[in-house]
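What follows is each chain in one-letter form.
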There are 2 protein chains.
Amino acid sequence: MFLGIPIASGILALIFVVFLAIGVRRKPEGGETMVRIAGEIRKGAKAFLRREYTTVGAIVIILGGGIALTSLGWRTGASFALGAAVSALAGYIGMSIATRANSRTTEAAKSGVKSALGVAVSGGAVMGLSVVGLSLLGLGAVIYLFAPNLWSGAEASSSVLIAETGVINGFAMGASLMALFARAGGGIFTKGADMAADLVGKVEAGIPEDDPRNPAVIADNVGDNVGDVAGLGADLLESYVESIIASMALAAAIAVTGAGRNLILLPLAIAAIGVVGSIIGIFFTKLVGRSNPQAALSGGTYLAAGLTAAGTYFLFQWLGTPFEIAGVAYGQMGPFWATLAGIGSGVLIGLTSEYYTSSKYKPVKNLAEASQTNAAITVTEGLAVGMESLLLPVIVLGAAVMFSHYVAGMYGVAMAAVGMLATTGMVVSVDSYGPIADNAGGIAEMAKLDPSVRKVTDNLDAVGNTTAAIGKGFAIGSAALAALGLLSAYLTSIGSGEMISLSDPLVLAGLLFGAMLPFFFSSTLFRAVVKSANGLIAEVRRQFEKIPGLREGKEGVLPDSATCVDLATKHALRGMIVPGMLAILVPVTVGFLVGPLALAGLLVGAIASGVMLGVFTANSGGAMHNAKKYIEEGHFGGKGSVAHKSAVVGDTVGDPLKDTVGPSINILIKLMTVVSLVIAPILPGVMGG
Amino acid sequence: MFLGIPIASGILALIFVVFLAIGVRRKPEGGETMVRIAGEIRKGAKAFLRREYTTVGAIVIILGGGIALTSLGWRTGASFALGAAVSALAGYIGMSIATRANSRTTEAAKSGVKSALGVAVSGGAVMGLSVVGLSLLGLGAVIYLFAPNLWSGAEASSSVLIAETGVINGFAMGASLMALFARAGGGIFTKGADMAADLVGKVEAGIPEDDPRNPAVIADNVGDNVGDVAGLGADLLESYVESIIASMALAAAIAVTGAGRNLILLPLAIAAIGVVGSIIGIFFTKLVGRSNPQAALSGGTYLAAGLTAAGTYFLFQWLGTPFEIAGVAYGQMGPFWATLAGIGSGVLIGLTSEYYTSSKYKPVKNLAEASQTNAAITVTEGLAVGMESLLLPVIVLGAAVMFSHYVAGMYGVAMAAVGMLATTGMVVSVDSYGPIADNAGGIAEMAKLDPSVRKVTDNLDAVGNTTAAIGKGFAIGSAALAALGLLSAYLTSIGSGEMISLSDPLVLAGLLFGAMLPFFFSSTLFRAVVKSANGLIAEVRRQFEKIPGLREGKEGVLPDSATCVDLATKHALRGMIVPGMLAILVPVTVGFLVGPLALAGLLVGAIASGVMLGVFTANSGGAMHNAKKYIEEGHFGGKGSVAHKSAVVGDTVGDPLKDTVGPSINILIKLMTVVSLVIAPILPGVMGG
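Residues numbered from 1 in each chain as written. Chains lettered and ligands numbered in written order. Predicted model: local features only at pLDDT ≥ 70, side-chain atom pairs only at ≥ 80, totals over all residues. Heavy atoms only, no water.

## Here we look at the relation of the copies chain B and chain A
So, point 1. Superposing chain B onto chain A takes a rotation of 180 degrees plus a shift of 0.0 Å along the axis, which leaves an RMSD of 0.0 Å. What we have between these two chains is a two-fold relation.
So, point 2. By residue overlap, the copies meet face to face through one surface: 100% of the interface positions of chain B are interface positions in chain A. (Least-squares fit on C-alpha atoms with pLDDT ≥ 70 in both. Contact = heavy atoms within 4.5 Å.)

## Examining the interface of chain B and chain A
So, point 1. Residue-level contacts link 64 residues of chain B with 64 residues of chain A.
So, point 2. Both sides together, the interface formed by chain B and chain A hides about 6,500 Å², and carbon and sulfur atoms give 81% of it.
So, point 3. Area buried by chain B at its contact with chain A is led by M387, L512 and F519 of chain B, which between them contribute 11% of it.
So, point 4. Between chain B and chain A we count four salt bridges in total.
So, point 5. A salt bridge links R527 of chain A to E381 of chain B; its shortest N-O distance comes to 2.9 Å.
So, point 6. Where chain B packs against chain A, one counts six residue pairs in polar contact (both at pLDDT 80 or more).
So, point 7. Of all the elements in the fold, those that place two or more residues in the side of chain B that touches chain A are helix 6 (158–205), helix 12 (375–388), helix 13 (391–421), helix 16 (465–493), strand 3 (499–501), helix 17 (505–546), helix 19 (596–632) and helix 20 (642–679) of chain B.
So, point 8. It is helix 17 of chain B that contributes the most residues to the side of chain B that touches chain A, 19 residues altogether.
So, point 9. The class makeup of the residues in the side of chain B that touches chain A is 46 nonpolar, 13 polar and five charged. (Buried area = accessible area lost by both parts, 1.4 Å probe. Salt bridge = Lys/Arg side-chain N within 4 Å of Asp/Glu carboxyl O. Polar contact = N/O pair within 3.5 Å; in protein donor to acceptor, adjacent residues only side chain to side chain. Helix = DSSP H or I, 4+ residues; strand = E, 2+ residues; numbered from the N terminus. Nonpolar A, V, L, I, M, F, W, Y, C, P; charged D, E, K, R; others polar.)

## Considerations on a nonpolar patch on the surface
Residues and elements named next belong to chain A.
So, point 1. Where nonpolar side chains cluster on the molecular surface, the patch consists of L12, V276, I280 and L307 and spans about 270 Å² of accessible area.
So, point 2. Tracing the backbone shows I280 in helix 8 (residues 262–288).
So, point 3. Owing to a relative accessible area of 40%, I280 belongs among the partly exposed residues under this scheme. (Patch = residues over 30% accessible without salt bridge, like charges linked within 9 Å, V, L, I, M, F, W, Y side chains within 5 Å. Areas by Shrake-Rupley, 256 points an atom, 1.4 Å probe, with all protein chains shown as cover. Buried < 20%, exposed > 50% of the residue type's maximum accessible area, 1.4 Å probe, protein only.)

## Thoughts on helix 15 (residues 451–463) of chain A
So, point 1. Between the first and last C-alpha of helix 15 of chain A there are 18 Å, a value that for 13 residues agrees with the 18 Å anticipated at 1.5 Å per step.
So, point 2. Of the residues making up helix 15 of chain A, those classed as buried are V453, R454, V456, T457, L460, D461 and V463 of chain A. (Expected span 1.5 Å × (residues − 1).)

## Re the side chain of N102 of chain B
Residue and element names in this part refer to chain B.
So, point 1. With respect to the element layout, N102 can be found in helix 3 (residues 73–109).
So, point 2. Accessibility expressed as a relative area gives 0% for N102, which makes it buried.
So, point 3. The residues contacting N102, other than those within four sequence positions of it, are A38, I41, N225, I436, N439, A440 and I443.

Rendered as structure tokens:
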């Protein structure tokens, strides 16, 4: 019954992808310089993705083969490979259109914000709808191929259903692995290039941001696409798939007969409703954007969420029967309330991020003011803002956990994550809109268009900020909830009855080790970014020295941007391997060598410290970034003042925090948890395994 | 049987305190300027302590009264007040002699490193031996007064012994509360003053460090005493007392008959052995220091540890009987091996801190090299070093937990902490020696003595660095182990049978909330330091502007240092209140309003993220500090180069990380755990409470 709907809605999403993509490609591309620049960016981004996918592909084949050789079987291995492939495909499609939408947005910006908004939103929506469409189709395919009882809805024993959801977990693991590499690789690429462009360009050579003389600027723009479009798409695809699968796995383990049986496929049905809601939201945004850009993006987001909530409400009313979960009876609407709590807390978490990182509010204003003293004060205060910003989201998360558990048990906690992510189509659309607008601004600058065009694109960027913050709230909140859901599924799966002794030395050692991992993981990413930035800085300096007329901006003298893109690619690929393998090998090693209980402790520790480190780094970086922008708007002395110089240092410190480390940690904790869930059945001591 | 020994050794330690203090006071104080400067420092430090103790005293009276009014009873309240009083007294004695030893060390430095070392070691040893002597006497008094069955060694029921150790827990809570305020207040004082002195002096006015013209320099020196001497002393006193009490509480809950009964007082006996070992270590250091300063400090530390291990070995051989803990039989030497594992892992953790923070090794050298680009790179790389530095200590800690649990259960884990801290007398002596040498250097500079004197004091400082790193390893490692021991005691005490369900929403919400607290706590400390620094910066600028001839260094023109000291005091006292109350009120509120299980989750989360944040901040700050020093020694362009400017920013960011936030977090997690342990018997739902 349920499975037809998600597959149909997946196809629907892809139809709109084609429709929107054609719309974007039909728009005028702009003048010759713009076409050249956009072409360089597209070429660089494609080259990066090709090389990234080749590397990750090899890893996927090796790991998938390894999985197939264990008693998990070839189905799980194939499901894993398919998860990775779906994520790669979504990233490729999204990036491919985003790098076409950028110059077209610049061109449209010549006639104002309203028409530019339409192009950028369409470009972003291609990424957004590809993510949800491909996810649902992929999940449908895996269920059709490998989970016959789930597919047919036949009555089956608990162990059969658990085995079938176990195969589907492989899909989540594939998507998760791809996401980690995409985020880490893209994050290293984009921030290495960004830091280099800023440090040599703005600080050393004293030329403006996005100046065409700067050889690292194209790489910086490529980075926006591979990091913030393809990376973000893979990230949310993973969250989306994982929140669905966590709920399915929990449901399979706890409720397999009668009306309870519906619980297994329910998350897919809610996701399908969310797709429809997102499509309507996107078209609402495009429509309203013609008259009121400010209201369009947030209006579309709220509309999508509202429609999804309403649709879910009717779904539950229609299903009718009260649920029994793990022997406890919950009301008919229990999981619905959990879903609703997820949506609500996602919005709230987003608003707190907004409060701490937007220059409209006190924290960032104070940070800008504090920058008047010295860069050290900026950084210290910036770290303080990020650390303080944890308080409210964690209270909201805690309340969401307690409430959703109250109405529907651990399944409810996982369903809260599904609720947050049901509108992923809309959220990713808005999030991808940002880098497209950013790129459009860069192209305007590099093509030396009239400053009014840059002003329009800057406006576009600003319009999307609040909505993007809400999207970030969804990503962070859902990561925490999905990880808790997966953890619970893992504990059920190792048969610990979900009870754990905190006086067990293995659990305690695992806890400490797990809490350490996000920090160590972050250090490898920081290192990789610094290495890449240093490499690029040397190259930019070399070009300024060796290419006659470049620094002076002589007519017709172009920097060798391709070498910078190539360097950034090399550093990104090299830098993503260690953190990526860490996330896979650590849980496998600990699980097999030390045991499933130590692994449980490890996951608890990693989630506890990882969620905090993720929010802290994201908000610290965001606050420092916007404090710099606020000063550049003319406050506390504006550009060139002491405050500005301090803020630039703060922004540069914040760059890898918010765009490399923060988002990657979210994936790290989920990937480690899903790997543990996949290997759980074959760990020593589990069900005699 | 056991109790006579610890009390006697406490008295012995205090006899040596008097003896060493007299020795220090007999040394020549130096010339008039030196006497004046030392007097100002002493006056400022005393004024700060007086005001700090007044504030904390009021809080202690209110809380102690509150405890007395609950069913915990007046005994626990009195025990709590005594714990705080003992800590305050130790801090006062240590600081009082340290501020006399500083100018005397400068004076002795005129005749070389060897004689100066003797004075500084004696000064530090007064703090070290006061800490252990007063702790043991205080504990003895509490047991004598409030734990008659423990005192007499009479056979008693488990519940009676648990109630008696419950009263003693109050003593640990008092020491812990005092430590948190001392560390937070002292840390805000010292780093606010340090940042202000550096930013206005070195960066803005371009005058050297410790220049007498700088009005914030006296405050900076006062800060070294109140933060690094009194604060550190209170910190280690707390760890010392808590590791002993955690073992006692665990032993009381699990083994109360026959030979097992010995386990309750065993930690005190080992502490007593450690006192003797420390006294011998201190005199070894003073003796060897006359010929080989380099070997003296580390030799003394290793000797103290070795003697303590040997003494403990013979104690166990003498006791003879195998132990039964919680129904499991362990070998006769089980707790001894756990103690030894504690000593060994403490040394290892210290060596890893040394590796990551000393300019002798790659991480700091690379950091210095990376500083050549830009301050943002210094900070990013500095954060990366700190994050990476978690890997090895956490592995060592995990191994120590597993090993000590294997040989003696959870009691063994707590005993490992006792082992690490048995030589606290020696460790604190070496740690307090550092700031004395630092102060001596400052006085040499301010009194415009011959540069050779400053060179000697710099040498003194360097000699103590490795040994101080080992001390830091003991502090960090023992904090984690003691917290785990206290957590286990808490779980036993709330009767959860030490089992906990990770699918319990209260536990999960508690876990997230607990993991958030160390971050939020850190943000309040950062804020306080920045506020204090900004206040002082404004004052220093005002003085440079308003006092004619000050900036130019006109003969006879003195800055108004007292106003700076007063300002720093006000900010420190104001800044310590919120974080201090947080540590008390959060566990109490969560425990009573949400319940003991949520509190258990909270403690787990706080320990997991707190240990990591503590080590990360300490090592990041240490690495950035020493990278700056390394550059100042002439590497990468030396003073005035781009690298140096970047490193100064890094050092300033690192200051509050390593000296305010890092050490305070260690206390935070222990204070929250011990508060929970104290209130456990009266929490709702506990033993029908």
